[in-house]
Structure formats: C-alpha cells, structure tokens
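Examining the three-dimensional arrangement
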Amino acid sequence: MTPPTLVIGNKNYSSWSLRPWLFMKKSGVAFEEIRIPLYQPGSVEKQRQYSPTGLVPLLVDGDLKVWDSLAICEYVSEKFLDGKGWSADLQARAVARAVSAEMHSGFQAVRANLPMNLKAEFPWKFISDEVDAGIRRIAEIWTQCRERYGASGPWLFGEFSIADAMYAPVAWRFKSYGVPLEGVAERYLNTLLAMEEMQAWHADALGETEVLPQCEARDIWPQ
Ligand SMILES: N[C@@H](CCC(=O)N[C@@H](CS)C(=O)NCC(=O)O)C(=O)O
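As recorded by an unreviewed UniProt entry, the protein chain carries the name Glutathione S-transferase and is attributed to Sulfurimicrobium lacus.

Below you can see the structure in the form of structure tokens.
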C-alpha cells in the first residue's frame, strides 16, 4: 500500500503541521513528508498545488486530500488505527474531543502573542490578561484531564491520543517563553517535551534557515 503524504510547513514555526505529524509518528503510521517553507517567494503557489485552502497541513492519500490538522488526525485514526486515536471510554472520548476542539478554535491570544518558534528563548514576561487567561485555561485542562482520565499512562487520557497531539505545540510555546507552570501541568509539559518524536521535530527545526518576522515574539510583543 502506498503510504499517505503529509504536506507541512516550517518545523520551527508551523504549529498546525506539528499536530498530525506527531500523531502519525507516535502512532506508528508510515507516511511521506513534503515540507513547504511558508511565506517565501513562491510558497503560496506551492501550497495551492496541494491544498484547496492554500494552508498546511494537508494529507494526500491516493486521490483523497484532507486539509485540516484535526480532520487529518481523525482520518488517520479511522483508516489506520481502528479509531484508537481517541480513548475507548465514551466519556473520556467526549471530553478529549471537547478539549481538542477548544484548542482548534480557541486560545487566539496565546497563539498570536506566543507564536511557536522552537529557536526562541525568552524569560517569562506578562503580556496581557488575555494571554494569562489562556495559559491558565490550558494548565487547567491538562491538570483535569490527567487527574480524571490519565491513570493508565502519562498522557491526557492515559494512552497517547489526538488530544495530546493537539496540545503538543503549546509545549514548545511555553518552553520558548518560559511560561511558569507547576504540579501536574508542569509534569505533563515535560512529558510532551521529552517525547522522542518531539525531539526529532526539534532537531529538524533547528536545521531550518528561514526566519519569519511575524513569528518572532520580540517583533510582535507590545513595547
Ligand atoms: N485550521 C487549520 C489551520 C492551518 C493553518 O493556519 N496553517 C498555516 C501554517 S501553521 C498556513 O498554512 N499558513 C500559510 C499561509 O497562510 O499562507 C488546520 O487546523 O490545519
């Protein structure tokens, strides 16, 4: 069977790309990878060759294209993993979907002000009440999921699931900007960062040469 192809952006910056990439790697689903450096001359044309939205990530599987991070994870779970991308327990699965949807559609202040940039290293500083509220909510989600559903393993719902992949880019954001966490949330952050697959992504990101000013915090933070 020809493996699917995952089209992604820069590993240093593209948080949406990391999600399905990590989910597929961690789940042992074989795939080819095409990296398109974003916001370079000719990038949009290349993105549009694959993606109807012009955005990455996008999964190509035969004549099927799936063009959204969460939809890709869902498809991979159904086609290759017999649905094991989500917890087997109905309640846990519903909550996992809710927190994944919350990440997919929310946390705009965190996303805008703490852009994923694996090469960045800043001491923590207060940005705004909105960013603080987003960070507090993420820490709450991590803590509650670990405490209520995580007994069978180190992940949000015990076994690694799509929910962990959805929150993985946050781990790099929190690391880059020195976001202070404690207790269960801090331990979960360290579990994400220590993953072999996250380290492999990190190594590839460090080898990239593109610099995107719109993702460099010192250029976007209020002075
Ligand atoms: N909701 C989409 C968001 C995809 C997205 O915004 N991708 C960004 C990169 S992280 C992109 O392709 N940007 C390129 C552009 O805007 O030209 C998903 O979940 O996949």
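After that view of the structure, there is still more to cover.
**Some remarks on the domain arrangement of the protein chain**
Once the domains are mapped, the protein chain shows domain 1 (5-80) and domain 2 (90-206). With centres defined by C-alpha atoms, the gap from domain 1 to domain 2 works out at 20 Å. Of the residues lining the interface, 22 residues belong to domain 1; the matching set on domain 2 comes to 26 residues. By the criterion of area lost to domain 2, the three top residues of domain 1 are Lys11, Asn12 and Arg19, representing 30% of everything that side buries. Put simply, domain 1 and domain 2 have two salt bridges between them. Residues arginine 97 and glutamate 74 are paired through a salt bridge, measuring 3.7 Å at the closest nitrogen-oxygen approach. Taken together, the elements giving at least two residues each to the side of domain 1 that touches domain 2 come down to α1 (15-27) and α3 (69-80). The dominant element in the side of domain 1 that touches domain 2, judged by the number of residues it contributes, is α1, at ten residues. Counted by class, the side of domain 1 that touches domain 2 contains nine nonpolar, seven polar and six charged residues.

**Considering the environment of valine 99**
With respect to the secondary-structure elements, valine 99 resides in helix α4 (residues 90-105). Exposure remark for valine 99: the relative accessible area of 6% places this residue in the buried category. The residues touching valine 99, leaving out its near neighbours within four places in the chain, are Ile141, Cys145, Phe157, Ala163 and Tyr167.

**A few points about the side chain of histidine 202**
Summarising the element assignment, histidine 202 is placed in helix α9 (residues 196-206). The class for histidine 202 is buried, based on a relative accessible area of 18%. In this structure histidine 202 touches Leu118 and Trp172, once residues within four positions along its chain are discounted.

**As for the packing of α1 against α9**
Packing of α1 against α9 leaves a shortest axis separation of 10 Å and a crossing angle of 130°. Taken together, the axis directions place α1 and α9 in an arrangement best described as oblique. For α1 against α9, the interelement crossing comes out right-handed. Here α1 contributes Ser17, Leu18, Trp21, Leu22, Lys25 and Lys26 to the contact with α9, which in turn contributes Glu197, Met198, Ala200 and Trp201. For the contact of α1 with α9, a count of residues per class yields six nonpolar, one polar and three charged.

**Details of the packing of α4 against helix α6 (residues 129-149)**
Contact pair α4 / α6: the axes reach a minimum separation of 12 Å and the direction vectors enclose 165°. As summarised for this structure, α4 and α6 are arranged roughly antiparallel, according to the angle between their axes. Crossing handedness for the pair α4 and α6: left-handed. Residues Gln91, Ala92, Val95, Val99, Glu102 and Met103 of α4 lie in contact with α6, whose contacting residues are Arg137, Ile138, Ile141, Cys145 and Tyr149. Broken down by class, the residue content of the contact of α4 with α6 amounts to eight nonpolar, one polar and two charged.

**Some details on the site of the ligand**
Taken together, Ser14, Trp16, Leu38, Tyr39, Gln47, Leu55, Val56, Pro57, Asp68, Ser69 and His104 make up all the residues around the ligand. At 3.1 Å from an oxygen atom of the ligand is found a side-chain nitrogen or oxygen belonging to glutamine 47. Between the ligand and serine 69 there is a distance of 2.6 Å, counted from an oxygen atom to a side-chain nitrogen or oxygen. Taken by itself the ligand offers 520 Å² of open surface, and the protein chains cover 79% of this. The cavity where the ligand resides is the largest pocket. For the shell around the ligand, the class distribution of residues is six nonpolar, four polar and one charged.

**Here's the deal with the sheet that holds strand β2 (residues 32-35)**
Pairing in this open sheet of four strands is mixed, and the strands run β2-β1-β3-β4 from one edge to the other. On the outer flanks of this sheet lie β2 and β4 (64-66), each paired with one strand and no other. Adjacent strand axes in the sheet meet at a mean angle of 20°, parallel and antiparallel pairs treated alike. Here strand β1 (residues 5-8) pairs with β2 via four bridges, running parallel. Bridging across to β2, threonine 5 finds its partner in glutamate 32. Its contacts with the sheet place α1 against β1, β2 and β3 (58-61), and it is angled at close to 150° to β1.

Parameters at a glance
Residues numbered from 1 in each chain as written. Predicted model: local features only at pLDDT ≥ 70, side-chain atom pairs only at ≥ 80, totals over all residues. Heavy atoms only, no water. Domains from an automatic or database assignment. Contact = heavy atoms within 4.5 Å. Buried area = accessible area lost by both parts, 1.4 Å probe. Salt bridge = Lys/Arg side-chain N within 4 Å of Asp/Glu carboxyl O. Helix = DSSP H or I, 4+ residues; strand = E, 2+ residues; numbered from the N terminus. Nonpolar A, V, L, I, M, F, W, Y, C, P; charged D, E, K, R; others polar. Buried < 20%, exposed > 50% of the residue type's maximum accessible area, 1.4 Å probe, protein only. Axes fitted to C-alpha atoms, helices over the stretch in contact; angles between N-to-C directions. Parallel < 35°, antiparallel > 145°, perpendicular 65-115°, else oblique. Left-handed = near helix turned anticlockwise from the far one by under 90°. Near = heavy atom within 4 Å. Polar contact = N/O pair within 3.5 Å; in protein donor to acceptor, adjacent residues only side chain to side chain. Areas by Shrake-Rupley, 256 points an atom, 1.4 Å probe, with all protein chains shown as cover. 1 Å grid on protein atoms, 1.4 Å probe; cavity = no way out; pocket = protein on both sides within 12 Å on 5 of 7 lines; lining within 4 Å. Sits in = over half its atoms within 2 Å of the grid points. Pairing = 2+ DSSP bridges.

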